[in-house]
Every structure is written in C-alpha cells, then in structure tokens.
Amino acid sequence: MTNEAAMVFGGGRGIGSAIVKRLGANGFDVAFTYVSQPDRAAEVVAAVEATGRRAIALKADSADDGAIEKAVESAAEQLGALDAVVVNAGILRLGTIDTFSLEDLDLSLAVNVRGVFLAIQSSSRHLRDGGKIVTIGSNTAKRPGGPGSSVYSMTKAAVAAMVKGVALDLAPRRITVNNIQPGPIETDMTAPFADHLRDAMPIGRLGKPEEVAALVSYLVGPETGYMTGADITIDGGFIL
C-alpha cells in the first residue's frame, strides 16, 4: 500500500502503538491520538518516519468530544482524506457491583462507548468511500473474565453491537466496519494481572500487540471489502 492515510485513536502505547507502526510499515501516513506520555508518542512518530512515511501525534482525550473532533480536523487538514480509521482508545476500571463508583462508571462509558461513537462519527466524514474502520474491543464482550469486570465487559459488548449497526449505516459508501476482540495482550494494562491471566491461556502465553496489529493490517487491506459488521476474536483460546 502506498500514499494512503490512516487515523488511530489511542496510538501512543501498547496495542495502539503497534498498530500505528504496522500501518506505517504498510505505507500509510498515520495520525494518532494520545493522552499522556509525549515521549512515548514521539518514539512512535520516529518509528513510522524511519519507514519513510509520515506520522502525526495529536494529544486528545477520548472522553472529551471537542478534543476528538479537533484531532480529526487536524489530521484531515494535514493528511487529506482518510483511507482507514482504527479506534483503539479505551480504559480499564475494575470493581464488583457493590464497590464500583459512579465516577468510574461514567468515565468508562465516556471513553469506551461514547468516545468510540464520536471517533467513528467525526472521522467518517473524512473517510473515502470504500474506506475501512476497525474498532479494538475485547473478548470480555462475550467471555467476562471474572468478578469485577461487569462494567468493562458491558462497554465492550456495546462496541460490538455498535459496530454491527454502523456497518449498515456506512454500507452505501462501501465503508467496512469491523471489531477486533483481543484477549489478554502484553501491555501496561495487563501487567499487574499477567501471571493470573497466563494460567487461563491454553497456549501458555499472552498475546503480543504486534499480533493484533497484524489483524488490523489485514482488515484495512484490499482483500476485506466483503467483510463488515464482524467480530473477530484473537485470544489464544482464553478460558476464564
């Protein structure tokens, strides 16, 4: 792929940074958002630029609708029309129903559901007909990992349902919309639970961010024009 442009929401670290780097290697110029750690965002930019492609880091909190729209407009202004959009931004808040705070509930919904909706809504206006949208959900939409995960699972199930509807909305423009549902991946988010999660993996290890990025690469590529509204699980046979 050459001379194409992509936008990744939540691309500064973990799965998101692997996605940005993979898209750059595939020939995309990439704009991506991050919330904190500008040094890590700069490293992602440098990695993409080393491939000869352009990268733009945009600070934007996915809980802030104004910030999302501003980031999209900036990306479109600098890169032109988009060919692919990946919505990876998300947060993890855990707690059983008797302890989970309303503050964490509202924040989880704001980032994991409302933020996904706004990212798709605002970026689709700049997406070429025939473009690709990929959301990064979670296998907990179908397989809750245990006590304390009810809110997180709910938000990821909402994304899976949203994708199916948005796929119908954008089908007249031949824009495909698909949802990747990773299981435990080696990132900062899973580090505190890695040993416990590894025991639940039939293949004996957590996934790697690059493995999710490879699946994104396929979904935004030229061979998936007939796949839309789909959930694709990549979780090593997770059994919790």
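Residues numbered from 1 in each chain as written. Predicted model: local features only at pLDDT ≥ 70, side-chain atom pairs only at ≥ 80, totals over all residues. Heavy atoms only, no water.

Here's the deal with the sheet that holds strand 5 (residues 127-136)
Part 1: Here 7 strands make up an open sheet; going across it, the order is 3-2-1-4-5-6-7 and the pairing parallel. Both outer strands of the open sheet, strand 3 (55-59) and strand 7 (231-234), are each paired with one neighbouring strand and no more. Averaged over all adjacent pairs, the angle separating strand axes in this sheet is 20 degrees, with direction ignored.
Part 2: When strand 2 (residues 28-34) meets strand 3, the two strands line up parallel, connected through 5 bridges. Counted as the bridge partner of Tyr34 is Lys59 from strand 3.
Part 3: Contacts between helix 5 (residues 150-170) and the sheet are confined to strand 5, strand 6 (176-182) and strand 7, with strand 6 contributing the most and set at about 165 degrees to the helix.
Part 4: Packing against the sheet, helix 7 (residues 209-219) makes contact with strand 4 (82-87), strand 5, strand 6 and strand 7, and its axis sits at approximately 165 degrees to strand 6. (Pairing = 2+ DSSP bridges. Helix = DSSP H or I, 4+ residues; strand = E, 2+ residues; numbered from the N terminus. Axes fitted to C-alpha atoms, helices over the stretch in contact; angles between N-to-C directions. Contact = heavy atoms within 4.5 Å.)

Observations regarding unusual backbone geometry
Part 1: For Gln37, which is not a glycine, the phi torsion comes out positive at approximately 55 degrees.
Part 2: Looking at where Gln37 falls in the secondary structure, it is placed in the loop between strand 2 and helix 2 (38-49).
Part 3: One non-glycine residue with positive phi stands out, namely Arg174, at about 60 degrees.
Part 4: Residue position: Arg174 is located in the loop between helix 5 and strand 6.

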